[in-house]
Amino acid sequence: MKFIETRGNDGVHSSEVTFSEAILSPIASFGGLYVPKELPTLGEAFLTRHLDSSYKTLAKDLLTTLQIDIDESVMDEALALYDGFDDPSNPVPVVKVLEDLYVSELYHGPTRAFKDMALQPFGVLLSSIAQKRNQEYLILAATSGDTGPAALETFKNRPNVRVACLYPNGGTSDVQRLQMVTEDAPNLKVIGIHGDFDDAQRALKHLLGSESFKSTLKAKNIALSAANSVNFGRIIFQIIYHIHSYLELVRHNVITMGEKVYLDVPSGNFGNALGGYYAYQMGLPVEKIIIASNENNVLTRLINTGRYDLRNQQVVSTTSPAMDILVSSNVERILFDLFGDQRTKVLMEKLDKERCYALSDDETMRLQTLFSADYCNGDEGKAYIKEAYTQQGYLMDPHTATCFKAYDCCATQPLKTIVYSTAEWTKFSPTIAHALGGANNQSDSDALHTISQTAHIAIPAMIQGLFTKPITQATVIDKADIEQEILAFL
Ligand SMILES: *Cc1c(COP(=O)(O)O)cnc(C)c1O
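Here's a quick rundown of the structure.

What counts, and at which threshold
- Residues numbered from 1 in each chain as written.
- Predicted model: local features only at pLDDT ≥ 70, side-chain atom pairs only at ≥ 80, totals over all residues.
- Heavy atoms only, no water.
- Buried < 20%, exposed > 50% of the residue type's maximum accessible area, 1.4 Å probe, protein only.
- Helix = DSSP H or I, 4+ residues; strand = E, 2+ residues; numbered from the N terminus.
- Arc of directions from axis to C-beta.
- Contact = heavy atoms within 4.5 Å.
- Near = heavy atom within 4 Å.
- Polar contact = N/O pair within 3.5 Å; in protein donor to acceptor, adjacent residues only side chain to side chain.
- Areas by Shrake-Rupley, 256 points an atom, 1.4 Å probe, with all protein chains shown as cover.
- Nonpolar A, V, L, I, M, F, W, Y, C, P; charged D, E, K, R; others polar.
- Pairing = 2+ DSSP bridges.
- Axes fitted to C-alpha atoms, helices over the stretch in contact; angles between N-to-C directions.
- 1 Å grid on protein atoms, 1.4 Å probe; cavity = no way out; pocket = protein on both sides within 12 Å on 5 of 7 lines; lining within 4 Å.
- Points joined across faces, edges and corners; volume = space filled by probe spheres on them.

Here helix α22 (residues 482-489) has its buried residues at I482, I486 and F489. Buried positions in α22, seen along its axis, are confined to an arc of 60 degrees and lie on one side of it. Opposite the packed face of α22, turned more than 90 degrees from it, sit the exposed residues Q484 and A488. Structurally, α22 contributes buried residues whose contacts are with β5 (136-142), β6 (161-168), β7 (188-193), α8 (197-209), α9 (211-219) and β15 (476-477).

Here it is in C-alpha cells:
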C-alpha cells in the first residue's frame with residue numbers, strides 16, 4: 001500500500017511514500033497528513049473467513065491484505081503483544097450492557113487505557129524500522145495522561161529508540177503520573193514541568209521545529225520523531241478492533257452477517273473513529289459512526305452544522321480529559337476522503353488562519369450520511385455511570401459514558417450499537433466514585449477504595465502496586481530547562 005497526501009504535493013516531498021516512510025516522517029506537503037492511496041475491499045467473504053479466527057489471526061490477515069512494507073516476522077512480533085492483555089485469546093471483549101447496546105472494551109492492555117491497542121504493536125514496528133535503517137531515534141511525547149504511560153510502556157528497552165516524555169506536574173491523575181514516574185528503563189526519560197498541558201505541548205512543538213536542537217541531535221547521530229495520534233502506524237491498528245467487534249456480535253448470534261450496526265466512539269483526536277471509517281470503507285456493514293464528545297464539542301458542531309469554529313473557543317477541563325481537545329487532527333483525513341486534496345488544503349488553511357471553516361450544504365450532507373454526533377456534560381456523564389452500575393451492574397469510565405448519551409440521541413434505528421470503552425474504571429476513579437455516591441474530589445487512592453467497596457470489585461494488582469513502587473523518574477523542572485535536560489539524558 002502506498003500513501004498520498006491530504007493537501008496535495010508541494011514538489012519537494014515525494015508524492016507517494018511507503019508505510020515505513022509515513023511512520024518515520026508523518027508530516028506531508030503543506031503540513032498535511034499521509035493517507036492510503038487506495039483501500040482494498042474486504043467484503044463479506046473476508047468477514048466470513050474470520051468468524052472463527054483469533055484476534056491476532058484477523059489482524060495479521062488484515063495487515064497482509066493492506067500490503068504494508070513490514071516483514072512478516074516483525075508483524076508477528078508486534079501482534080504477539082496482544083498476548084500480554086488480560087485474556088490473550090480475546091484481548092478485546094465485547095460485553096452486552098443494554099438491550100441493543102454492546103460495549104467493546106479497548107482497555108485490557110498494560111496501561112489500562114485504549115492507547116495500548118495501537119501503541120503496543122507500534123513500538124515494535126518503529127524499533128524494527130529504526131534498526132533496519134541503522135538509525136537511532138528520539139521520540140518526543142507530551143501527555144495529559146494516557147499517551148505517556150502507553151508510549152513509555154511500549155518503547156521501554158527497545159533497541160534504537162529513546163523516549164523523552166513531558167507531562168504537566170499536577171495536571172494528570174495520580175495513577176497516570178505514577179505509571180510514568182515508576183518506569184525505569186535506561187532509554188526512557190520522564191520530565192514533569194511546572195505548567196499545564198498546553199505548556200508541555202508548546203515545548204514539544206518548539207523542540208520538533210528547532211533547527212539547533214535537531215543539529216545537536218544529528219551530531220550525536222540521533223533523528224527526531226513523534227508517536228502522536230496522526231501517525232498512520234497507530235491508525236492501522238485501530239481498524240482491526242472495529243472488524244473484530246462486529247465479528248464478536250455475529251459469533252454470539254446478536255446480529256446476522258451483513259446486518260448493519262452503529263459504531264459509537266468517544267472522540268478526541270479522531271483516531272479511533274477514523275479506524276471505524278476505514279473499516280466501513282473496506283466493507284464493514286455500518287449504518288452510522290456516532291461521534292461522542294464532552295463539553296469541548298467542536299466535533300458535535302462540525303457534524304451537525306458543517307462548521308468547524310474555534311473562534312472564541314478555549315479548551316475547558318472536563319471529567320473526560322482525554323477528549324479535552326479543540327483541534328481534532330484526524331478529521332483532516334475524512335475531509336480528504338470525502339472532498340479531495342485541493343478542498344482539504346483550502347479548509348485546513350482557513351482553519352489555521354481564520355480559526356474557522358464552513359462546509360457547503362452539500363458537503364455537510366455528505367458528512368452526515370455516515371456520521372452523527374452528540375456531546376455530554378460532566379453531570380450527565382455521572383448520571384449515566386450511576387445508571388449503568390445500579391441497573392446493569394456495569395462499571396464504566398467517564399469517556400465511555402459520553403457514548404451512552406450519544407446513543408440515546410443518535411441511534412435512531414432499531415439496530416445494534418457498539419460502544420467503544422476507552423479506559424478502565426481505575427484510570428478515572430474520582431469521577432466514578434462520586435457518580436456512585438461517594439465524596440467528590442477524592443484522591444485516586446481513596447476513590448479506588450470507595451469503588452472497590454461499593455462495587456465489590458478488587459483493585460487490579462498493577463494499579464494497587466503503583467502506590468508502593470519506587471519512583472525512578474523524579475525530574476520536575478521549568479519549561480526553560482527542558483532542552484538541556486533532554487540533551488543531558490542523551
Ligand atoms: C485518547 C483517548 C480518547 C480519544 O481517542 P481519539 O482516538 O483521540 O479520538 C478517548 N478516551 C480515552 C480514555 C483516551 O485515552
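Taken together, 15 residues surround the ligand, and among them K115, D146, G268, N269 and T422 come closest. Here an oxygen atom of the ligand sits 2.7 Å away from a polar atom, N or O, in the side chain of D146. Within the contact set of the ligand, an oxygen atom lies 2.8 Å away from a backbone nitrogen or oxygen of N269. In the complex, the protein chains occlude 96% of the 380 Å² of accessible area that the ligand would expose alone. Here the shell around the ligand is built from residues that sort into 6 nonpolar, 7 polar and 2 charged.

The next subject is the sheet that holds strand β14 (residues 416-421). In space, the 6 strands of this open sheet follow the order β3-β4-β14-β9-β10-β13, with mixed pairing throughout. A strand with exactly one partner marks an edge of an open sheet, and here the two such strands are β3 (94-98) and β13 (371-375). Within the sheet, the average angular offset between the axes of one strand and its neighbour, ignoring direction, is 25 degrees.

Taken as a whole, the second largest pocket encloses approximately 270 Å³ of empty space. Looking at the second largest pocket, it is lined by 15 residues, and the ones nearest its centre are P110, E153, E183, L466 and K469. Of the residues that constitute the lining of the second largest pocket, the class distribution is 7 nonpolar, 3 polar and 5 charged.

What follows covers the side chain of N231. Note on placement: N231 falls in the loop between β8 (222-226) and α10 (232-235). For N231, a relative accessible area of 0% gives the class buried. Excluding anything up to four places from it in sequence, N231 contacts A22, I23, P26, F122 and A226.

The next point concerns empty space enclosed by the protein. Evaluation of the coordinates by the stated rule reveals 4 cavities of 30 Å³ or more. Of the pockets and cavities examined, the largest cavity occupies roughly 60 Å³. F270, L299, L302, I303, V331, I334, L367 and F371 together form the lining of the largest cavity. Counting only elements with at least two residues in the lining of the largest cavity, the list comes to α13 (298-305) and α14 (331-339). In terms of residue count, the dominant contributor to the lining of the largest cavity is α13 (3 residues). For the lining of the largest cavity, the per-class residue count stands at 8 nonpolar, no polar and no charged.

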